[in-house]
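Descriptive analysis of the structure
So the chains spell out like this:
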Amino acid sequence: MSVVVANFLSSTASEEEAMRAERQFTVRGSRGTQPVWVWLMVLTANEGRCVYCNDARAQTLEHERPVADKGHDIWWNLLSACDRCNGWKLRRTAAQWVVDMKLQLDRPELQFTKNTLPRRTIDGIMDRVTRTRSEIQDSDRCRWFKHHYGDEPRPSRRSETLDLVHQCAQRLSRYPHKPWTTPESPNSSGRFCSRRMCCPELHPDAQRETLLIAEKEFHMFHAAAYQERLHPGDLLGNLVRRYLAERASV
């Protein structure tokens, strides 16, 4: 038998409306001074791939509109890019680079740009940019990264930051659903994460109890809960309430 500590959660609280984008999360400065949570939030977007080539692993924060072109050095102007594409794009917007690459493929003798991506890849860039910017600017997603990684100290080496990105991506892959899309605990203060998928212990109705079931049953129970888009504590709470209701009706 496995001894499992389970959380009993009330399922009566409904999902609150998504918080509007919070400008206090913005940080100005060079890429090197952006906080860790911004690096993680940006480089895990687009499934962790470079938004331009859509193939290489994202390695750096790239300004969609270059700072040299009056672009803001702020998180909502950042995209995930590999070092190669970041170097090839130079001081151009994504749209300008797309036009230059297409012209280069059509008229190589005019030398519009030195390096190009395959045409099929180029054709998808603007859609990926739009989709990835929307993902990065999602206020619920932004809050989740701020809450979970806002106090993470910034490593001195970029390689260490990229290791954190990899660890974060692995953590997210273990959730059956994106945690920032799951219900929040009611009356949350906004100072800490209140998503019931990842931080159920912060729910005001959370209770702790020892659950004695076989390990196989435990894993089956978790799988069933996730299929219902519930935290196991929510499903367990539902079962307890149903049992108590049936007992009271006898």
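Thresholds, definitions, all that
Residues numbered from 1 in each chain as written. Predicted model: local features only at pLDDT ≥ 70, side-chain atom pairs only at ≥ 80, totals over all residues. Heavy atoms only, no water. Helix = DSSP H or I, 4+ residues; strand = E, 2+ residues; numbered from the N terminus. Polar contact = N/O pair within 3.5 Å; in protein donor to acceptor, adjacent residues only side chain to side chain. Contact = heavy atoms within 4.5 Å. Buried < 20%, exposed > 50% of the residue type's maximum accessible area, 1.4 Å probe, protein only. Patch = residues over 30% accessible without salt bridge, like charges linked within 9 Å, V, L, I, M, F, W, Y side chains within 5 Å. Areas by Shrake-Rupley, 256 points an atom, 1.4 Å probe, with all protein chains shown as cover. Salt bridge = Lys/Arg side-chain N within 4 Å of Asp/Glu carboxyl O. Expected span 1.5 Å × (residues − 1). Pairing = 2+ DSSP bridges. Phe/Tyr/Trp six-rings, centres within 6.5 Å; stacked < 30°, edge-to-face > 60°.

Examining the side chain of Thr 113
Summarising the element assignment, Thr 113 is placed in the loop between helix H3 (94–106) and helix H4 (119–123). Within the structure, the side chain of Thr 113 is placed 3.1 Å from the side chain of Arg 92, a separation counted as a polar contact. In this view, Thr 113 contacts Arg 92, Trp 97, Asp 100, Met 101 and Gln 104; residues no more than four positions away in its chain are not counted.

Some words on unusual backbone geometry
For residues other than glycine, phi is negative in most cases, and the peptide bonds are mostly trans. Its identity as a non-glycine residue notwithstanding, Glu 47 has a phi of 60°, on the positive side. On the secondary structure map, Glu 47 appears in the loop between helix H1 (36–43) and strand S2 (60–63). You can call Glu 47 exposed: its relative accessible area is 66%. A positive phi angle, close to 55°, is found at Leu 90, a residue other than glycine. Judged by relative accessible area, Leu 90 falls into the exposed class, the value being 58%.

A look at a nonpolar patch on the surface
On the surface, Val 99, Leu 103, Leu 110 and Phe 112 cluster together into a nonpolar patch covering about 320 Å² of accessible area. Given a relative accessible area of 45%, Leu 110 falls into the partly exposed group.

A few points about helix H9 (residues 232–249)
The terminal C-alpha atoms of H9, which comprises 18 residues, lie 26 Å apart, in line with the 26 Å expected from a rise of 1.5 Å per residue. Within the sequence span of H9, burial applies to Pro 232, Gly 233, Asp 234, Leu 235, Leu 236 and Gly 237.

Some remarks on the pairing of strand S3 (residues 78–81)
On S3, burial covers both faces: Leu 78 and Ser 80 on one face and Leu 79 and Ala 81 on the other are all buried. Two strands pair when backbone bridges link them, and S2 and S3 are joined in this way by 4 bridges, in the antiparallel orientation. The partner of Leu 61 across the bridge, within S3, is Ser 80.

Looking at the packing of aromatic side chains
One pass over the structure, following the stated rule, counts 6 aromatic pairs. Seen in terms of ring centroids, Phe 145 and Trp 180 are 5.8 Å apart; in terms of plane orientation they differ by 40°. Their pairing is tilted. A residue pair is termed long-range when its members are at least 10 positions apart, and Phe 145 in helix H6 (residues 139–149) and Trp 180 in the loop between helix H7 (158–173) and strand S4 (207–213) qualify at 35 residues. Residue classification places Phe 145 among the buried positions, given a relative accessible area of 0%. On the accessibility criterion, Trp 180 (7% relative accessible area) is buried. Feature note: the residues Trp 144, Phe 145, Tyr 149 and Trp 180 constitute an aromatic cluster, connected by ring pairs.

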